[in-house]
Amino acid sequence: MKNKKLSWLAMFIALSATGASIKLPAVIGSVALDSLPALVAAGLLGGPAGAAVGGIGHLLSAIIAGMPLGPFHFLIAGEMALLVFLFGVLYRNDKRWSAVLLFIIGNSFAAPLPFIMLMGKSFYLAIVPSLLIGSVLNTVFAYAVLPRIARMLGPVLPFSRQA
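First things first, this report covers the structure right here in the doc. (Residues numbered from 1 in each chain as written. Predicted model: local features only at pLDDT ≥ 70, side-chain atom pairs only at ≥ 80, totals over all residues. Heavy atoms only, no water.)

1. Examining the nonpolar core
Core analysis: the largest hydrophobic core is formed by 28 residues, its most contacted members being F12, V40, L44, L45, V84, F87 and F103. Listed by contribution, the elements that provide at least two residues to this core are α1 (2–20), α2 (35–45), α3 (47–65), α4 (72–92), α5 (96–110) and α7 (121–153). Broken down by element, the residue count for this core peaks at 8 residues, all from α2. Those residues within four positions of F103 in sequence are excluded, and the remaining contacts are S35, L39, M80, L83, V84, F87, S108, S135 and T139. (Core = buried A, V, L, I, M, F, W, Y, C linked by side-chain atoms within 4.5 Å. Buried < 20%, exposed > 50% of the residue type's maximum accessible area, 1.4 Å probe, protein only. Helix = DSSP H or I, 4+ residues; strand = E, 2+ residues; numbered from the N terminus. Contact = heavy atoms within 4.5 Å.)

Encoded structure:
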């Protein structure tokens with residue numbers, strides 16, 4: 001059972017790397033579709049698995065973009081892991097709209113708050129619109145495909161609750 005779940009986790013990380021190459025126009029180049037596989041993993045495999053995919057996915061996105069914020073990307077990866085974990089917990093407890101709203105608001109407005117102190121208010125105001133668009137796209141796509149993937153893979157994922 002552990003090997004099967006680990007294999008699925010590796011597949012979602014690979015999908016996150018693919019999504020990390022699909023960049024969205026932003027002030028920095030690490031805004032991408034890397035969260036979509038993490039959100040799907042959180043819905044199918046649970047919060048901890050989604051958190052791992054989300055954190056690693058952000059780091060992959062940052063590496064592909066050339067690490068424009070340097071070591072601050074580790075902070076962002078931690079924030080992403082936390083938000084995806086919470087999404088997974090809420091989604092799997094049938095609080096799906098709460099999960100969607102939490103992820104979009106958290107990733108768009110709350111996660112960049114530390115950068116007001118680190119880089120100034122202008123950076124925060126510049127990055128929020130791109131993060132909002134990226135968060136909405138990642139979350140809406142995940143919300144749309146999760147039930148379909150769960151139905152299709154339900155028998156293959158015995159450790160997963162139906163999404």
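2. Thoughts on the environment of L59
Relative to the elements of secondary structure, L59 occurs in helix α3. Look at L59 and you get partly exposed, because its relative accessible area is 21%. For L59, the residues in contact, after removing those within four places along its chain, are H73, F74 and A77.

3. Here we look at a nonpolar patch on the surface
A contiguous nonpolar patch, built from L101, I105, F109, L132, I133, V136, L137, V140 and F141 and spanning about 730 Å² of accessible area, is present on the exposed surface. For the nonpolar patch, the secondary-structure elements that each account for two or more residues are α5 and α7. The element contributing the most residues to the nonpolar patch is α7, with 6 residues. Here L137 is to be found in helix α7. (Patch = residues over 30% accessible without salt bridge, like charges linked within 9 Å, V, L, I, M, F, W, Y side chains within 5 Å. Areas by Shrake-Rupley, 256 points an atom, 1.4 Å probe, with all protein chains shown as cover. Salt bridge = Lys/Arg side-chain N within 4 Å of Asp/Glu carboxyl O.)

4. Notes on the environment of W8
Here W8 is to be found in helix α1. Exposure remark for W8: the relative accessible area of 15% places this residue in the buried category. With 102 residues separating them along the chain, W8 and A110 place their C-alpha atoms 30 Å apart.

5. As for the packing of aromatic side chains
Within this structure, the stated rule accounts for 6 aromatic pairs. For the ring pair W8 and F12, a centre distance of 6.4 Å and an interplane angle of 35° mean the geometry is tilted. With W8 and F12 both in helix α1 and 4 residues apart, the pair spans about one turn of that helix. For the pair shown, W8 and F12 are each scored as buried. Ring centres of F87 and F103 lie 6.5 Å apart, and the angle between their planes is 75°; on these two criteria the pair is classed as edge-to-face. (Phe/Tyr/Trp six-rings, centres within 6.5 Å; stacked < 30°, edge-to-face > 60°.)

6. Points about the pattern of salt bridges
This structure, assessed with the given rule, holds 1 salt bridge. Note that D94 is salt-bridged to R96, the shortest N-O span being 3.5 Å. D94 gets classed as exposed once you look at its relative accessible area, which sits at 57%. With relative accessibility at 22%, the residue R96 sits in the partly exposed group.

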